[in-house]
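# Residue-level structure breakdown
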Amino acid sequence: MYDPYKALYLHIPFCKKRCAYCDFATQAIERENPAVSEYIDELVLEIRRASREGKLGSIETVYIGGGTPSHIGMANLSKLLYTLSTSLHLTPEVECTMEANPESLTEPMVKDLWALGVNRLSIGVQSFDGELLARLGRVHDAEEAKRAIACAQTRFENVSIDLMCGIPGQGFEGFAADLETAIASGVAHVSVYPLSVEENTPLELLVESGALEAPVEDNQAIMMETALRVLDPAGYRRYEVASYAKAGFECRHNKAYWTGKPYLGFGTSAVTMTQNDARRMRVQDGQVIDDLDRRQKCAEDLMLKMRMVQGVSEEQVREAALLLPEALAVFRGLVESGLAERLCGRYRPTVMGWLCGNELYGRIFDLAP
């Protein structure tokens, strides 16, 4: 017997243009291409099948990501959202997020999405600097990004944007200006990601050829600290390593991943996580990519929760120590190393812990190799 699924992710693998840094399972395609509607029809069938099998009865969050979901147009999105509304309890209490890019988000689309049950929009801005956007291969410019945010806010209170740091040519002052622009726009949520150079991407070719400088990790670390320094006084509380939100606007779907809630993934490359007390398994495109026993599951839970500001309670660590005898020693070691702090009955990651995440998370996960 497995725990009920609490989160649902739907992957839309289509974009107007693939960005220079993108290594996701996406393709540049016109929305009128029959492959788009055929893909949506398959998603519709998969959702209905899951509903008949009773898998959607406990869903608390839905996330439509990509790719660029807004690129496929309202005809396809309406079909998808109508299916969701008839297949699960898509009430206002269910957080329903859709990703959008500025160039394809219009005011009529915003109105229709709101009417069809979407209650959170996540807009891929990346930067408000036109030169940097062109360097990343983004389709939109800075003014389109600002227009899209204002457009989304005509219906949505819960609007999130993504920003990148460490873009070649991006200075510290320029990144701080992006953060100030985000604050001035009044968005409810900001995610900040360091740019990474992935294999077999145009960005990798540009860096290897010397046409662009590689991102400097030390500079990215400074920018991540800058995000905290600028956003926190403006009322955006950091609740996860890369996420800041105004009170009441933390992304519940993302938190489901970090707190070990089972989730369903539909579409190309989407991951499903199934679990019970003894086992946790992840499946992607029909292949098992993770199969954790009780001890490994326990270690992973501790690791994932340490991605969040609240960390883990001392009681949770003591309970984990029943399965993982070295747990207490490892967490005390994290405190001694400055990667975590022990405060008010909890172990919480420090700023250094987030910046040295591989070491922090690795030490915890190694409790059950």
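None of these values were measured; they are calculated from a predicted model. (Residues numbered from 1 in each chain as written. Predicted model: local features only at pLDDT ≥ 70, side-chain atom pairs only at ≥ 80, totals over all residues. Heavy atoms only, no water.)

## Points about the overall build of the protein
- Scanning the protein from terminus to terminus reveals 14 helices and 17 strands.
- For 369 residues, the compact-globule formula gives about 21 Å, and the C-alpha radius of gyration of the protein, at 21 Å, lands near that figure.
- A buried classification covers 52% of the 369 residues belonging to the protein.
- Surface exposure of the protein reaches about 16500 Å², of which carbon and sulfur atoms provide 50%. (Helix = DSSP H or I, 4+ residues; strand = E, 2+ residues; numbered from the N terminus. Rg over C-alpha atoms; globule rule 2.2 N^0.38 Å. Buried < 20%, exposed > 50% of the residue type's maximum accessible area, 1.4 Å probe, protein only. Areas by Shrake-Rupley, 256 points an atom, 1.4 Å probe, with all protein chains shown as cover.)

## Considerations on the packing of aromatic side chains
- In total, this model carries six aromatic pairs according to the counting rule given.
- Taking the centre distance of 5.3 Å and the plane angle of 80° together, the rings of F14 and Y39 count as edge-to-face. Here the residue F14 occupies a position in strand β2 (residues 14–15), and Y39 occupies one in helix α1 (residues 34–52), the gap between them amounting to 25 residues. Each member of the pair, F14 as well as Y39, carries the same accessibility label: buried.
- Each member of the aromatic cluster is reached from another via a ring pair, and the members are Y257, W258 and Y263.
- Here the basic side chain of R307 rests over the ring of W258, its NZ or CZ set 4.1 Å away from the ring centre. (Phe/Tyr/Trp six-rings, centres within 6.5 Å; stacked < 30°, edge-to-face > 60°. Lys NZ or Arg CZ within 6 Å of the ring centre and 35° of its normal.)

## Overview of the side chain of T350
- Note on placement: T350 falls in the loop between β17 (346–349) and α13 (351–355).
- One polar contact links the side chain of T350 to the main-chain carbonyl oxygen of G338, over a distance of 2.6 Å.
- Sequence-distant contacts of T350, that is, excluding residues within four places in its chain, are made with G338, L339, A340 and E341. (Polar contact = N/O pair within 3.5 Å; in protein donor to acceptor, adjacent residues only side chain to side chain. Contact = heavy atoms within 4.5 Å.)

## Let's talk about the pattern of salt bridges
- As enumerated under the stated definition, the model contains 17 salt bridges in all.
- Residues E60 and K261 are paired through a salt bridge, measuring 3.3 Å at the closest nitrogen-oxygen approach. Placement of E60 in the loop between α1 and β4 (61–66) and of K261 in the loop between α9 (252–258) and β11 (263–266) is noted, with a sequence separation of 201 residues between them.
- Given the relative accessible area of 28%, E60 is considered partly exposed.
- Each of the salt bridges in this network shares a partner with another, and the network as a whole consists of R280, R282, D290, E300 and D301. (Salt bridge = Lys/Arg side-chain N within 4 Å of Asp/Glu carboxyl O.)

## Examining the nonpolar core
- Ranked by internal contacts, the top residues of the largest apolar core, which has 63 residues, are V62, L84, L113, I161 and V192.
- Residues contacting L84, with those up to four places away along its chain left out, are L8, L10, I47, V62, I64 and L90.
- Judged by nonpolar contacts, the second largest core, of 33 residues, contains F331, W354, L360 and Y361. (Core = buried A, V, L, I, M, F, W, Y, C linked by side-chain atoms within 4.5 Å.)

## Considerations on the environment of Y82
- Relative to the elements of secondary structure, Y82 occurs in helix α2 (residues 73–87).
- In the structure, Y82 is positioned 22 residues away from S104 in sequence and 21 Å away in space, judged by C-alpha atoms.

## Structural notes on the sheet that holds β17
- With antiparallel pairing, the three strands of this open sheet are ordered in space as β15-β17-β16. Where the open sheet ends on each side, the last strands, each with one partner, are β15 (312–313) and β16 (340–343).
- Bridge analysis of β16 against β17 gives four bridges, and the strand direction is antiparallel. In the strand pairing of β17, R342 is matched with Y347.
- Against the sheet, helix α12 (residues 327–336) contacts β15, β16 and β17, and its axis sits at roughly 105° relative to β16. (Pairing = 2+ DSSP bridges. Axes fitted to C-alpha atoms, helices over the stretch in contact; angles between N-to-C directions.)

## Remarks on the packing of helix α10 (residues 294–305) against helix α14 (residues 357–365)
- Across the interface, α10 lies against α14 with an axial gap of 8 Å and an inter-helix angle of 155°. Our classification of the angle between α10 and α14 gives roughly antiparallel. The two elements α10 and α14 cross, and the hand of that crossing is right-handed. Facing α10, whose interface residues are Q296, A299, E300, L302 and M303, α14 presents Y361, I364 and F365. (Parallel < 35°, antiparallel > 145°, perpendicular 65-115°, else oblique. Left-handed = near helix turned anticlockwise from the far one by under 90°.)

## Remarks on the pairing of strand β13 (residues 279–284)
- The pairing of strand β12 (residues 271–275) with β13 spans five bridges and is classified as antiparallel. Residue pairing across strands places T274 opposite M281, the latter belonging to β13.
- Hairpin geometry of β12 and β13 is characterised by an intervening segment of three residues between the two adjacent antiparallel strands.
- In this structure, β13 lies alongside strand β14 (residues 287–293), joined through six bridges in antiparallel fashion. Across the sheet, Q284 pairs through a bridge with Q287, a residue of β14.
- Joining the antiparallel neighbours β13 and β14 is a turn of two residues, in which D285 adopts a positive phi near 50°.

## Section: the environment of I289
- You can see I289 is positioned in strand β14.
- For I289 and G357, which are 68 residues apart along the polypeptide, the C-alpha to C-alpha distance reads 22 Å.

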